[in-house]
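Working through the structure, step by step
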There are 2 protein chains.
Amino acid sequence: MLGTKFPFLPALVRPNHRRARVPLAAPDDSDPSRTPEPDLEPDRPVRVSPKLSRWSRARSIRSGRTRLDWPALRKRTAPPIPTPSPSSSSPSGEIQPSVAEGAEMDGDGGDNGEMTAGKAIYMVSDGTGWTAEHSVNAALGQFEHCLIDRGCPVNTHLFSGVEDMDRLMEIVKQAAKENALILYTLADSSMAASAKHACDLFGVPSGDILRPTTEAIAAHLGVAPSGIPRGGRKAHLTEDYFQRIEAVDFTIKQDDGAQPKNLNRAHIVLVGVSRTGKTPLSIYLAQKGYKVANVPIVMGVELPKMLFEINQEKIFGLTINPVVLQTIRKTRAKSLGFHGEMRSNYSEMVHVKAELEYASRIFTQNPVWPVIEVTGKAIEETAAVVVRMYHDRKHRCSMPRISRRY
Amino acid sequence: MLGTKFPFLPALVRPNHRRARVPLAAPDDSDPSRTPEPDLEPDRPVRVSPKLSRWSRARSIRSGRTRLDWPALRKRTAPPIPTPSPSSSSPSGEIQPSVAEGAEMDGDGGDNGEMTAGKAIYMVSDGTGWTAEHSVNAALGQFEHCLIDRGCPVNTHLFSGVEDMDRLMEIVKQAAKENALILYTLADSSMAASAKHACDLFGVPSGDILRPTTEAIAAHLGVAPSGIPRGGRKAHLTEDYFQRIEAVDFTIKQDDGAQPKNLNRAHIVLVGVSRTGKTPLSIYLAQKGYKVANVPIVMGVELPKMLFEINQEKIFGLTINPVVLQTIRKTRAKSLGFHGEMRSNYSEMVHVKAELEYASRIFTQNPVWPVIEVTGKAIEETAAVVVRMYHDRKHRCSMPRISRRY
């Protein structure tokens, strides 16, 4: 929230008791999200689960942060709504189907069409919806203490390319039925205003994700935003476009030590043993426009000479905790269908430790390479460290920053 | 902004005239952004440039949107601040170095260390900073009408991993010097409050990017956010983690028609002629957890039999305008060092058209494959279309949505 003091939750989100059971157009019955939540009474306000609240507080205290300044939440003292849990009336097996239902389901992160348990968050966008998705994901990172093991189950639903009012209204009505929160990014201010208005009318809590940022920038630049959805304009064949595509092409070709002769053309070179995440990290960085090469460290295989002839400042070593590495390698071996002897050398602890020590010796011999500990880091987090160091080294500025012109 | 009526710009962003020249600690002189903007007087409020405003309005009328409902901007009628332009006192060559300064510069999207012209936007994060970057990028999409050709130049500066108060204060002071806008994502509410407080003190306009979303979710779930930065917790070796990594591995191995025997293991198969963006699109989708294979259409080369034996519903055709394709291919040929005869067949219009017609015949013969026109679409936009169709087809629901469990 810009420029105002928190808390302002009451203004932000309409409590449940303002929700009315509005007669709605019957949606198609193939919609798996239709089933109403039997536990939720429409006129009961949303409460803080004391159990979750305790958990949150305990965790916060453990982490050395004792202050949890959420008076708007603390004010709500009425009994909590029943949180679906293994001990609740719905058997967890019934309402919480496993994420991995089979190979066909792997790709969509648990979109299994049976999300009747848990709170729904609708993300509505007139464009790709990736900004809404990204922001909601980041915000949900703040609720991990209760999302783990689906302690407070959440289902997100992304509606992208919503450009006409009819579809918008249909979504708002459906959100009212599902008691969903709607978070939207709608460039057209009349669409955004209609979304707000309709949500108020149907008692759906809602929020505009991008508008505060857009308005802050508008005021800063002294220029009004166009109000045109991203998908509505044509992308230009900009230098940036070609740069990103070239970086991805380059990075794919350089994966796993391929073509060491091209190492000098890379912006960033990653070095580490198998399964330290070199490939996904390379690809992530490539999509940001960096040409990345990665070179595996394998015991008994010499590193390419070229690696020591290029600018050493672009080389980054990756290391990882051996126990975690073993877990990752076992999973990998399994997914590749390895078994018995074939996988033993790859994922056995003796070998894992020996290989990490071998890598460590190489890193010691090359003290210019920063060594990044990737244990427990998401790809995005390691990428942030690499990019930050890359720019620091390039500019040697006192204030590390990653700058970009528009 | 959640739950409040716009416009509320005055509350959001502090006008420049509230900025005071506060004595600041001298930053390291290697910082290239130190040079003060000579044109900017600290006590003159930010104004709408009438030229830019006209441009914006003209474009808005052209695009059929005549309403530009930004009274907060219209109210500002005083003379505009001088916009740096080729005709201004600073020669553009001096203040606006070319993005592509050489191979070493390609990767960082114009981080050239000499960004003294243009308005600065500081993105400050206690984590990776990708959410701030993503949101600011999306918001800047609304100002393309004036960013094109650097009509209103903007420089963004990302400060990630800002976890202690000292560094935060240093950044705020530097922002005051550069007349920058600060947009932050700080999970720890005391850090966020300090950022706000310091920005107010130093007259720096500021905004909290993620807090409205976090608060809306907090109220919806009835659970307080943890206040722990993303980087502060350990990522878990979740199913999602392995899924994404496996998808990237799979997708890289399947690039450009490799290993057609594995086509049945893909979630999504992309088919199209060279340079329709199959590879970057595949990679983008892979990072979202989808296993993607792509199969090139090349005249005279038969498509793999396997393509017609797998589930046809996961196949998507890509097509593009021939003129645009030729431009892309010429750029590609140049970057690969092709010249003369070698590139003629690849990027000559006769060949380009013939190949697209050949692809078109294949698409006609396979009417189940949706054909996506990628001309002028960013990779992210095409990805959004593919993912939407993929989920629609899978669930046949009346209300297309992409759902995910947490």
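Here is what the cut-offs are and how they apply
- Residues numbered from 1 in each chain as written.
- Chains lettered and ligands numbered in written order.
- Predicted model: local features only at pLDDT ≥ 70, side-chain atom pairs only at ≥ 80, totals over all residues.
- Heavy atoms only, no water.
- Helix = DSSP H or I, 4+ residues; strand = E, 2+ residues; numbered from the N terminus.
- Buried < 20%, exposed > 50% of the residue type's maximum accessible area, 1.4 Å probe, protein only.
- Contact = heavy atoms within 4.5 Å.
- Areas by Shrake-Rupley, 256 points an atom, 1.4 Å probe, with all protein chains shown as cover.
- Salt bridge = Lys/Arg side-chain N within 4 Å of Asp/Glu carboxyl O.
- Pairing = 2+ DSSP bridges.
- Right-handed = clockwise from strand over helix to strand, strands pointing away.
- Axes fitted to C-alpha atoms, helices over the stretch in contact; angles between N-to-C directions.
- Left-handed = near helix turned anticlockwise from the far one by under 90°.
- Nonpolar A, V, L, I, M, F, W, Y, C, P; charged D, E, K, R; others polar.
- Polar contact = N/O pair within 3.5 Å; in protein donor to acceptor, adjacent residues only side chain to side chain.
- Disulfide = S-S within 2.5 Å.
- pLDDT = per-residue confidence, 0-100.
- Patch = residues over 30% accessible without salt bridge, like charges linked within 9 Å, V, L, I, M, F, W, Y side chains within 5 Å.
- Lys, Arg positive; Asp, Glu negative; His and termini not counted.
- Charge placed at Lys NZ, Arg CZ, Asp CG, Glu CD.
- Expected span 1.5 Å × (residues − 1).
- Phe/Tyr/Trp six-rings, centres within 6.5 Å; stacked < 30°, edge-to-face > 60°.

Within chain A, the secondary structure is distributed over 16 helices and nine strands. Out of the 406 residues in chain A, the part that is buried amounts to 58%. Sequence separation of 24 or more characterises 75% of the internal contacts of chain A that already satisfy a separation of 6 or more. In the structure as shown, chain A presents an accessible area of about 16400 Å², 54% of it carried by carbon and sulfur atoms.

Scanning the entire structure with this criterion turns up 18 salt bridges over all chains. In this structure, the salt-bridge partner of B:E355 is B:R329, at a minimum N-O distance of 2.7 Å. Taken together, the residues span a long stretch of sequence, with B:E355 in helix α15 (residues 349–365) and B:R329 in helix α13 (residues 322–335) at a distance of 26 residues. On the basis of relative accessibility, which here comes to 5%, the residue B:E355 falls in the buried class. Overlapping salt bridges, with partners in common, bring together A:D249, B:R275 and B:R332 in one network.

For the rest of this paragraph, the subject is the pairing of strand β5 (residues 268–273) of chain B. All names here are of chain B. Among the six residues in β5, six count as buried, and that is most of the element. Side chains I268, L270 and G272 of β5 all project onto a buried face; the interleaved residues V269, V271 and V273 project onto the opposite face, where all are buried too. Strand direction decides the pairing type here: β5 and strand β6 (residues 292–297), joined by six bridges, are parallel. Of the residues in β6, the one forming a bridge with V269 is A293. The parallel pair β5 and β6, bridged by helix α11 (residues 278–286), forms a crossover whose chirality is right-handed.

Pairing is mixed in the open sheet, where five strands are placed in the order β4(A)-β3(A)-β1(A)-β2(A)-β9(B). One side of each edge strand has no neighbouring strand; the edge strands of this open sheet are β4 (206–208) of chain A together with β9 (402–405) of chain B. Here the strands of the sheet are splayed against their neighbours by 20 degrees on average, with no regard to which way each runs. Here strand β2 (residues 154–159) of chain A pairs with β9(B) via four bridges, running antiparallel. By the bridge assignment, A:T156 is partnered in β9(B) with B:R404. Here helix α7 (residues 165–178) of chain A sits on the sheet and contacts β1 (119–125), β2 and β3 (181–185) of chain A; the angle it forms with β1(A), its principal contact strand, is near 170 degrees.

A few words now on the packing of helix α11 (residues 278–286) of chain A against helix α16 (residues 379–395) of chain A. Residue and element names in this part refer to chain A. The N-to-C vectors of α11 and α16 enclose an angle of 65 degrees; their axes lie 10 Å apart at closest approach. In this structure, α11 crosses over α16, and the sense of that crossing is right-handed. Between α11, through P280, L281, Y284 and L285, and α16, the contact on the second element is made entirely by I379, E380, T382, A383, V386 and V387. Looking at the contact of α11 with α16 residue by residue, the classes come out as eight nonpolar, one polar and one charged.

This part takes up the sheet that holds strand β3 (residues 181–185) of chain B. Spatial ordering of the open sheet is given by β9(A)-β2(B)-β1(B)-β3(B)-β4(B), a layout of five strands whose pairing is mixed. Two strands close off the open sheet at either side, each with one partner strand: β9 (402–405) of chain A together with β4 (206–208) of chain B. Across the sheet, the axes of successive neighbouring strands diverge by a mean angle of 20 degrees, strand direction being ignored. Both β3(B) and β4(B) contribute to a ladder of three bridges, which runs parallel. Paired with B:Y184 across the bridge in β4(B) is B:D208.

The subject of this paragraph is unusual backbone geometry. When glycine is set aside, most residues are seen to have a negative phi, and most peptide bonds are trans. A positive phi angle, close to 50 degrees, is found at A:Q259, a residue other than glycine. Along the polypeptide, A:Q259 turns up in the loop between α10 (239–253) and β5 (268–273). Even without glycine at this site, B:R275 takes up a positive phi of about 70 degrees. Assignment of secondary structure puts B:R275 in the loop between β5 and α11.

Residue and element names in this part refer to chain A. Position of T276 relative to the elements: it lies in the loop between β5 and α11. Here the side chain of T276 touches V273 through a polar contact of 2.7 Å, landing on its backbone oxygen. Beyond its immediate sequence surroundings of up to four residues, T276 is in contact with L318, I320 and V374.

A separate point is the state of the cysteines. Residues and elements named next belong to chain A. Under the definition given, this model contains two disulfides over all chains. Two residues share a disulfide in this structure: C146 and C152, whose sulfurs sit 2.2 Å from each other. What sets the handedness of the C146 and C152 disulfide is the S-S torsion sign, and at about 45 degrees it is right-handed. For the residue pair C146 and C152, the accessibility class agrees, reading buried in each case.

A word on the confidence of the model for chain A. Low pLDDT means the predicted atomic positions in that stretch should not be read closely. Confidence in the prediction for chain A averages 75 pLDDT; 67% of positions are at 70 or higher. Taken as a whole, residues 1–114 of chain A scores under 50 in pLDDT and shows 232 contacts with residues more than four places along the chain or in a different chain.

Residues and elements named next belong to chain A. On the surface, E163, D164, D166 and E170 cluster together into a patch of negative charge. Following the sequence through the fold, D166 ends up in helix α7. Accessibility expressed as a relative area gives 60% for D166, which makes it exposed.

This brings us to helix α10 (residues 239–253) of chain B. Since the α-helix packs 3.6 residues into each turn, any two residues three or four apart lie on the same face. Over its 15 residues, α10(B) extends 21 Å from the first C-alpha to the last, a length consistent with the 21 Å expected when each residue adds 1.5 Å. Those residues of α10(B) that sit buried are B:Y241, B:F242, B:Q243, B:I245, B:A247, B:V248, B:D249, B:F250, B:T251 and B:I252. As for α10(B), its buried residues are in contact with α10, α11, α13 (322–335) and α16 of chain A together with α11 and β6 of chain B.

Residue and element names in this part refer to chain A. Within the secondary structure, I182 sits in strand β3. On a C-alpha basis, the gap between I182 and I171 in space is 9.1 Å, while along the polypeptide they are eleven residues apart. Ignoring sequence-local partners within four residues, the contact set of I182 consists of Y122, V124, I171, V172, A175, C199, V204, P205, S206 and G207.

As a further point, take the packing of aromatic side chains. Residues and elements named next belong to chain A. Counting across every chain of the model gives twelve aromatic pairs over all chains. When the ring of Y241 is compared with that of F242, the centres are 5.5 Å apart and the planes differ by 80 degrees; the resulting orientation is edge-to-face. The buried category is assigned to Y241, whose relative accessible area is 17%. Since its relative accessible area comes to 18%, F242 is described here as buried.

Residues and elements named next belong to chain A. Take A224: it is sitting in the loop between α9 (211–221) and α10. Of the residues examined, A224 reaches a relative accessible area of 13% and is grouped as buried. In this structure, the C-alpha to C-alpha distance between A224 and T214, residues ten residues apart in sequence, is 9.2 Å.

Residue and element names in this part refer to chain A. The first and last C-alpha atoms of α16 sit 24 Å apart over 17 residues, in line with the 24 Å expected at 1.5 Å per residue. Extensive coverage of α16 is indicated by the burial of twelve of its 17 residues. Restricting attention to buried positions, one finds in α16 the residues I379, E381, T382, A383, A384, V385, V386, V387, Y390, H391, R393 and H395. Positive phi appears at R396, one or two residues downstream of α16, with a value of about 45 degrees.

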